[in-house]
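Listed here are the chains, written in short residue letters.
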Amino acid sequence: MNEPLVHRHWVALAAPKVAPAVATSTVLILGRIWNANGAEHSVGNAALMVVLAASAATAGAFAAAGRGGGDGVLAGTAFATSGALALAGVAGYSDGLSLPILLWAVATAVAYGLAARYWRTDHRDTIAYERQTTVRREDHAHIERVEAIRGRVQVEVAREGSAYAEALAAALTARATLPGYDPAAVTRAGLPELPVIDIAKEH
C-alpha cells in the first residue's frame, strides 16, 4: 500500500514556532500605539482594560470548570485573551517601556511554555501515527509476499502436473507401439489396467 508523501514548506514548519512571539509582540506594539494616542495615564482606559481582562479570565475559569471536564480550547483562548488585554492595558497606560517590555517577556515565556506542551503532545501523536503506518505497511507487504509465494507454488504444481501428464501420455503411446504388446497380459499379471490408446485416431 503506497501512501502519499506530503512535503511542507519551511514557512509552514516555522510558523508555529514564531507564533507566540509574534502574538505578544503585536499586542505590545498595539498597546504602545494606543499609548501614543492618549491612553497614557488615562484612568478610564486602564479601568476598561482591567474589566475586560478580568472578564476574560472569569470566562476562562468557568470554561475550565464546566461539566464534563470543561472545554480546554475555550478556556485556553479565554485566558490568552485575558493576558493579551492585561498586557495591552499596561503598555497603553505606562509612560515608560520598562514595565511593558517586562510583561511582554513574561507573556512570551508563558506562551512558549504552553505551546511546548502542545508541541510535545503533537510530536507524540505524530510518532504514534508513523509507527502505526509502518506496522500497517509491513503487514500489507507480508500478506503480498505470502500471496506471491502461494501463487508461484500453485503455478509450479500445475506445471509439474502438466509435465507428468504429458510424460505419461508419451509413455502410454510408446508402449502401445511396441511389437507384441498385449494389454490382457498386463491385466493377468495383476498390474493395473492402463487405457489403450488408439493410434489410428491419434494420427
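Residues numbered from 1 in each chain as written. Predicted model: local features only at pLDDT ≥ 70, side-chain atom pairs only at ≥ 80, totals over all residues. Heavy atoms only, no water.

*Asks:* Could you give me a rundown of the overall build of the protein chain, with the residues and numbers involved?
*Replies:* A count of helical and extended segments in the protein chain gives six helices and zero strands. For the protein chain, the α and β elements follow one another from N to C terminus as α-α-α-α-α-α. Residue burial in the protein chain is summarised as follows: out of 203 residues, 15% are buried. When the accessible surface of the protein chain is split by element, carbon and sulfur atoms take 67% of a total near 14,700 Å². (Helix = DSSP H or I, 4+ residues; strand = E, 2+ residues; numbered from the N terminus. Buried < 20%, exposed > 50% of the residue type's maximum accessible area, 1.4 Å probe, protein only. Areas by Shrake-Rupley, 256 points an atom, 1.4 Å probe, with all protein chains shown as cover.)

*Asks:* Give me the pattern of salt bridges: which residues, what numbers.
*Replies:* Tallying each qualifying case throughout the model produces two salt bridges. Between Arg-150 and Glu-147 there is a salt bridge, with the nearest N and O atoms lying 3.4 Å from each other. One end of the pair, Arg-150, and the other, Glu-147, are both in helix H4 (residues 98–176), three residues apart, so they sit about a helical turn from each other. Judged by relative accessible area, which is 41%, Glu-147 ranks as partly exposed. The salt bridge involving Arg-159 is made with Glu-156; its shortest N-O contact spans 3.1 Å. Of this pair, Arg-159 and Glu-156 both sit in helix H4, three residues apart, roughly one helical turn. (Salt bridge = Lys/Arg side-chain N within 4 Å of Asp/Glu carboxyl O.)

*Asks:* Just give me the short version of the side chain of Thr-24, but keep the residues and values in it.
*Replies:* Position of Thr-24 relative to the elements: it lies in helix H1 (residues 10–39). Only 3.3 Å separates the side chain of Thr-24 from the side chain of Trp-104, close enough to count as a polar contact. With residues near it in sequence (within four places) discarded, Thr-24 still touches Leu-87, Trp-104, Ala-107 and Thr-108. (Polar contact = N/O pair within 3.5 Å; in protein donor to acceptor, adjacent residues only side chain to side chain. Contact = heavy atoms within 4.5 Å.)

*Asks:* Any details on the side chain of Asn-35? Residues and values, ideally.
*Replies:* With respect to the helices, strands and loops of the structure, Asn-35 is situated in helix H1. For Asn-35, a relative accessible area of 8% gives the class buried. With sequence-adjacent residues up to four places away left out, Asn-35 is seen in contact with Glu-40, Ala-91, Gly-92, Tyr-93 and Ser-94.

*Asks:* Tell me what's going on with the confidence of the model for the protein chain, and back it up with residues and numbers.
*Replies:* Residue-level pLDDT values for the protein chain average 78, and 78% of them are 70 or greater. Counting contacts from residues 199–203, a segment whose pLDDT is below 50, to residues more than four positions away or on other chains yields four contacts. (pLDDT = per-residue confidence, 0-100.)

*Asks:* Hey, could you go over the environment of Ala-115 for me, with residue numbers and the actual values?
*Replies:* Within the secondary structure, Ala-115 sits in helix H4. Placed 95 residues apart in sequence, Ala-115 and Pro-20 show a C-alpha to C-alpha distance of 7.8 Å.

*Asks:* Could you give an account of helix H2 (residues 43–64), naming the residues involved and the relevant values?
*Replies:* A rise of 1.5 Å per residue sets the reference length of H2, with its 22 residues, at 32 Å; its end C-alpha atoms lie 31 Å apart and thus fit the reference within 8%. For H2, the complete set of buried residues consists of Met-49, Ala-53, Ala-56, Gly-60 and Ala-63. Viewed along the axis of H2, the buried residues span an arc of 85°, placing them on a single side of the element. Turned more than 90 degrees from where H2 packs its buried face, Val-43, Gly-44, Val-50 and Phe-62 sit exposed. (Expected span 1.5 Å × (residues − 1). Arc of directions from axis to C-beta.)

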